[in-house]
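What follows is each chain in one-letter form.
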Amino acid sequence: MKVIIVDDEHLALLKMEKLLQTQTAVHVPWNVIGSYMNPHDALAACRIEVPDVAFLDIELPEMSGMELAEQLLAIHPQMHIVFVTAFQQFAVHAFQVNALDYLLKPVQPARLAVTLKRIAQCLSLKAAGSGTILVPLEQSLLASQTISQGMKR
């Protein structure tokens, strides 16, 4: 699985890369092929590479993560988009962009594992020629809240 990460904060990029590297629950070979602080750089790279997944922050300079997602999907309609943000209020708009998932910062490893399992499931269904079956984003958000509440106890 080829992954790109876009976030305007360098430390957030590093943290997401580290979180992805430490995930062991999903046994799918994947590679972070690019980490970008500038959405235009990510867009240019995606004209050359074909990522399977893009982890996008929503608050980016010059172009929002939502706009970037729309442009990425115009280039690669099969790409999965996962928003990673500190803002809950953008979740509804994520539906309009057909995001696979919506992670709230700080991203918890258990919640990221749920996302990676969903991505792996989607990719294996595509590889099998079955099409893509997605769990509705609102179910994913509920799962996230349940996991978060369980971790606080």
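Quick caveat, the model's predicted, so the values are computed rather than measured. (Residues numbered from 1 in each chain as written. Predicted model: local features only at pLDDT ≥ 70, side-chain atom pairs only at ≥ 80, totals over all residues. Heavy atoms only, no water.)

Asker: Give a detailed account of the UniProt feature "modified residue: 4-aspartylphosphate" (unreviewed entry) in the chain, specifying residues and quantitative values.
Answerer: Mapped onto this numbering, the UniProt entry annotates "modified residue: 4-aspartylphosphate" (unreviewed entry) at Asp57. Assignment of secondary structure puts aspartate 57 in the loop between strand S3 (53–56) and helix H3 (65–75). According to the relative accessible area criterion, aspartate 57 is buried, its value standing at 5%. Every residue in contact with aspartate 57, bar those within four places of it in the chain, is listed here: Val6, Asp7, Asp8, Gly65, Val84, Thr85 and Lys105. (UniProt positions renumbered as here; feature names shortened; annotations may be inferred. Helix = DSSP H or I, 4+ residues; strand = E, 2+ residues; numbered from the N terminus. Buried < 20%, exposed > 50% of the residue type's maximum accessible area, 1.4 Å probe, protein only. Contact = heavy atoms within 4.5 Å.)

Asker: Go over the packing of helix H1 (residues 10–22) against helix H5 (residues 109–127), please, and point to the residues and values.
Answerer: Following both chains from N to C, one finds H1 and H5 inclined at 70 degrees, their axes separated by 10 Å at the closest point. On the basis of their axis angle, the class for H1 and H5 is roughly perpendicular. Where H1 crosses over H5, the handedness of that crossing is right-handed. Between H1 and H5, the residues in contact are Met16, Leu19 and Leu20 and Pro109, Leu112 and Leu116, respectively. Here the contact of H1 with H5 is composed, by residue class, of six nonpolar, no polar and no charged. (Axes fitted to C-alpha atoms, helices over the stretch in contact; angles between N-to-C directions. Parallel < 35°, antiparallel > 145°, perpendicular 65-115°, else oblique. Left-handed = near helix turned anticlockwise from the far one by under 90°. Nonpolar A, V, L, I, M, F, W, Y, C, P; charged D, E, K, R; others polar.)

Asker: Could you give me a rundown of the sheet that holds S3, with the residues and numbers involved?
Answerer: Ordered by their spatial adjacency, five strands build an open sheet running S2-S1-S3-S4-S5, and the pairing between neighbours is parallel. Sheet topology places strand S2 (31–36) and strand S5 (101–104) at the edges, where each strand pairs with a single neighbour. Sheet twist, expressed as the mean angle between neighbouring strand axes with direction ignored, is 20 degrees. Of the pairings in the sheet, the one linking strand S4 (residues 80–85) to S5 comprises four bridges and is parallel in character. Its bridge partner lying in S5, valine 84 is registered against leucine 103. Running over the sheet, H3 touches strand S1 (2–6), S3 and S4 and is turned about 170 degrees from S4. Together, S3, S4 and S5 form the strand contacts of H5, whose direction differs from that of S5 by roughly 165 degrees. (Pairing = 2+ DSSP bridges.)

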